[in-house]
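# Working through the structure, step by step
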Amino acid sequence: AGDASSVLALNAIAGTPGNPEPDMATEPLVKSHLEAGKDLWVLHGSSAAFWPWAWWRELMRLRWVRGEDPDGQPASCHPIVPFTLEPTEAGRAAVPGISTCAVPEDELYINLEDKGGYEAWMSVEYDGKSWPQAYRYRSPWNGWVCGWIPGHREEAIRSEGMTQTLRMLASAWLKASGTER
């Protein structure tokens, strides 16, 4: 069993306004955390937190792609719309009691680089396609990588449904990794 320090939680994209590019000292710290089999929570757009690092881009199974992507992937986008998060079959099995969550107008992250190899727990139907919004998978070092994409506008983040849904997901993620409190 681990403790809360075995989880690295990120919630920003490097190089965006107010968020500097990561310095050289940061990379070995992040990589050693993951190589030790510890968990990573990728919140909102932070699948692009360390986008300049090739190994990071490879690690991300669902990745927000910036316009200047070093791998030449097409850029992701986020229409600002109201949407409904729907639990998947795997999500219902992993998170007892999880339910549909209506999100007021917010950024809906779509067109992420999708490499597969993850278990989607919640998704959104938009423009005739299903877009994963909560997911998890094992890193190459056996820690969990857990992702939660929604949540940009304060009204959306503070909405009762989103807060409750994220609490339920976080509890399930902690339980799966042996860090539940």
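You'll find the structure just up there.
Scope of this entry: the structure provided in the associated data block. (Residues numbered from 1 in each chain as written. Predicted model: local features only at pLDDT ≥ 70, side-chain atom pairs only at ≥ 80, totals over all residues. Heavy atoms only, no water.)

Moving on, we come to the nonpolar core. One broad trend across soluble globular proteins is that nonpolar side chains are buried collectively. Among the nonpolar cores identified, the biggest contains 26 residues, and L85, W148, L169 and W173 are the most heavily contacted of them. At the level of secondary structure, the elements contributing two or more residues to this core comprise β2 (39-43), β4 (80-87), β5 (101-107), β7 (119-126), β8 (129-138), β9 (144-148) and α5 (160-177). In terms of residue count, α5 provides more of this core than any other element does, five residues in total. Contacts of L85, omitting those with residues within four sequence positions, involve S99, T100, C101, V103, M122, S123, V124, Q133, W148 and P150. (Core = buried A, V, L, I, M, F, W, Y, C linked by side-chain atoms within 4.5 Å. Buried < 20%, exposed > 50% of the residue type's maximum accessible area, 1.4 Å probe, protein only. Helix = DSSP H or I, 4+ residues; strand = E, 2+ residues; numbered from the N terminus. Contact = heavy atoms within 4.5 Å.)

Side-chain pairing between opposite charges can occur once the charged atoms of the two side chains come close. For the structure on display, the rule yields eight salt bridges. Of the charged contacts in the structure, one is a salt bridge between R136 and E119, with a shortest N-O distance of 3.3 Å. Separated by 17 residues along the polypeptide, R136 in strand β8 and E119 in strand β7 bring together distant segments of the chain. On the accessibility criterion, R136 (15% relative accessible area) is buried. Given a relative accessible area of 31%, E119 falls into the partly exposed group. When salt bridges with common partners are traced through the structure, they connect R57, R63, D69, D71 and E113 into a single cluster. (Salt bridge = Lys/Arg side-chain N within 4 Å of Asp/Glu carboxyl O.)

Buried within helix α1 (residues 26-35) are the following residues: V30, H33 and L34. Each buried residue of α1 sits inside an arc of 95° when the element is viewed along its axis, so together they form one side. Residues of α1 that are buried sit in contact with β1 (7-10), β2 and α2 (54-59). Looking one or two residues past α1, G37 carries a phi angle of roughly 80°, positive in sign. (Arc of directions from axis to C-beta.)

This part covers α5. With 18 residues, α5 ought to run about 26 Å at 1.5 Å a step, and its terminal C-alpha atoms sit 26 Å apart, in line with that. All of the buried residues along α5 are M162, T165, L169, A170, A172, W173 and S177. In an axial view of α5, the angular spread of the buried residues amounts to 165°, which keeps them on one side of the axis. The exposed residues of α5 that point more than 90 degrees off its buried face are E160, R167 and K175. At the C-terminal side of α5, G178 shows a positive phi close to 75°. (Expected span 1.5 Å × (residues − 1).)

Our next topic: the sheet that holds β8. Taken in spatial order, the seven strands line up as β1-β2-β9-β8-β7-β4-β5 in an open sheet, and their pairing is mixed. One side of each edge strand has no neighbouring strand; the edge strands of this open sheet are β1 and β5. Put simply, the sheet's adjacent strands are angled 25° from each other on average, direction ignored. Contacts from α5 reach β1, β2, β5, β7, β8 and β9, with the element oriented near 175° to β9. (Pairing = 2+ DSSP bridges. Axes fitted to C-alpha atoms, helices over the stretch in contact; angles between N-to-C directions.)

Attention shifts here to the pairing of β9. With five of its five residues buried, β9 lies for the most part within the structure. Alternating positions in β9 separate into two faces, W144, C146 and W148 on one and V145 and G147 on the other, with burial throughout. Of the strand pairs in this sheet, β2 and β9 are connected by four bridges, and their pairing is parallel. Within the sheet, the bridge partner assigned to L40 lies in β9 and is V145. Two elements, β8 and β9, share five bridges in a ladder whose sense is antiparallel. Of the residues in β9, the one forming a bridge with R136 is C146. Counting the residues that bridge the hairpin from β8 to β9 gives five residues, and of these N142 lies at a positive phi of roughly 80°.

Its location among the elements puts C146 in strand β9. Under the relative-accessibility criterion, C146 is labelled buried at 1%. On a C-alpha basis, the gap between C146 and E105 in space is 24 Å, while along the polypeptide they are 41 residues apart. Excluding anything up to four places from it in sequence, C146 contacts L40, W41, V42, Y135, R136 and W173.

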